[in-house]
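# Observations on chain architecture
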Amino acid sequence: MIVDYHMHLRRGRVGKSEEVDHTPYALVPYLETAGERGVDEIGFTEHVYYFTATRALWPLPYQLERCLYDLETYVEAVVDAKQQGLPVKLGMEVDWVGERQDELAAVLDPYPWDYLLGSVHWIDGLGVDQEPGLWADRSVDEVWAAYFAALGQLAASGHVDVLAHPDLPKIFGKRPAAIEYPPLDGVALEISTAGLHKPVGEIYPDQPMLADHPPITLASDAHVPQDVGRDLDRAVEYARAAGYDTVTVFQDRRGRQEPLG
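Let us look at the structure shown here. Along every chain, residues carry numbers that run from 1 in the direction the sequence is written. A pLDDT threshold of at least 70 governs which residues receive local features in this predicted model, and a stricter bar of 80 or more applies before side-chain atom pairs are shown or counted, although totals over entire chains, interfaces and linings include all residues. Only hydrogens and water are removed before side-chain values are computed, so all heavy atoms of the structure are retained for them.

## What to know about the nonpolar core
In this structure, Ile 42, Phe 44, Tyr 74, Met 92, Trp 113 and Leu 218 are the most contacted members of the largest nonpolar core, which totals 88 residues. Strands are runs of DSSP state E lasting at least two residues, helices are runs of H or I lasting at least four, and both sets are numbered from the N terminus onward. A total of nine residues in this core trace back to one element, the largest contributor, which is helix 5 (residues 140-156). Contacts are assigned to residue pairs with any non-hydrogen atoms lying within 4.5 Å of each other. Beyond its immediate chain neighbours, meaning those up to four positions away, Trp 113 contacts Leu 71, Tyr 74, Val 75, Leu 90, Gly 91, Met 92, Leu 108, Asp 252 and Arg 253. Nine residue types can take part in a nonpolar core, namely buried Ala, Val, Leu, Ile, Met, Phe, Trp, Tyr and Cys, and a core is a set of them joined through side-chain atoms within 4.5 Å. Each residue is assigned to one of three classes by its accessible area relative to the maximum for its type, calculated with a 1.4 Å probe on protein chains only: buried under 20%, partly exposed between the two thresholds, exposed over 50%.

As structure tokens, this is what we get:
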């Protein structure tokens, strides 16, 4: 079984801009690319701050500029595809919002998610994966410590099922001399090939995060159809090297293990 459980619905790119499209039509090229690359099931995980139903939670101009879309439209497009028997799952990429995590969860609770993908992109309003962002006035050790504190809180919240790009701070190739990984019980970790296309040029996460064999999913983090399943053959090899022979498949926020393809 090969899954790609991290992608964002887009019609494509115009220059550096992405054309967001949450209509049923937009799913078709994602499914076509998945079929061509031997991906058995895909999951859509739009950024939670894109939806007007969550607007009250976002303080940053970057978030508010993108908070334009209707949550019902997105959900209905994916659910309709599921009802047609297409190999898709309904997800959302849910940002860490600290003390307001319960509030965000309450907005999402009415919908029939197959899984919720947790991520930490901002801490104190500063980007982890942006420069200067959080790196402007903090040491490498301080950035990693702040990130893992937030990631641990998100994992323990019960509001997400999988953690996206779990060691995101390595994006620029900056690592502490010694990394202390937090306990992340009760969630799966995403093995993401997106890092191969970032400055660090590596899969997320580093192998030590997989040492205790948490459940895993596979992910491309595709933002356009042509990136679906990108480099997942390398993700499978990476998972096998870490001792995995199964992958987690989600339905109704419950995971089960299937043989890793």
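## Let's talk about helix 4 (residues 101-108)
Residues lying three or four places apart along an α-helix face the same way, a consequence of the helix completing one turn every 3.6 residues. Buried within helix 4 are the following residues: Gln 101, Leu 104, Ala 105 and Leu 108. On an axial view of helix 4, the arc spanned by its buried residues comes to 100 degrees, and they lie on one face. Away from its buried face, by an angle of more than 90 degrees, helix 4 presents the exposed residues Asp 102 and Ala 106. For helix 4, the secondary structure elements touched by its buried residues are helix 3 (71-83), strand 5 (88-95) and helix 5. Read the arc as the range of directions from the helix axis to the C-beta atoms.

## Focus: the environment of Tyr 50
Secondary-structure assignment places Tyr 50 in the loop between strand 4 (41-47) and helix 2 (61-66). When the C-alpha positions of Tyr 50 and Leu 64 are compared, they lie 8.0 Å apart, and in sequence the two are 14 residues distant. Once residues within four sequence positions are removed from consideration, Tyr 50 is found in contact with Arg 10, Val 20, Arg 66, Cys 67, Leu 68 and Tyr 69.

## Brief notes about unusual backbone geometry
In this model, Glu 131 is joined to Pro 132 through a cis peptide bond whose omega is 5 degrees. Relative to the helices and strands, Pro 132 is located in the loop between strand 8 (126-127) and helix 5. With an omega of -10 degrees, the peptide bond running from Tyr 204 to Pro 205 counts as cis. On the secondary structure map, Pro 205 appears in the loop between strand 10 (188-192) and strand 11 (216-219). Residue His 165 is not a glycine yet carries a positive backbone phi of 25 degrees. Topologically, His 165 is positioned in the loop between strand 9 (162-163) and strand 10. Of note in this structure, Arg 253 is not a glycine but carries a positive phi near 65 degrees. Its location among the elements puts Arg 253 in the loop between strand 12 (246-251) and strand 13 (254-259).

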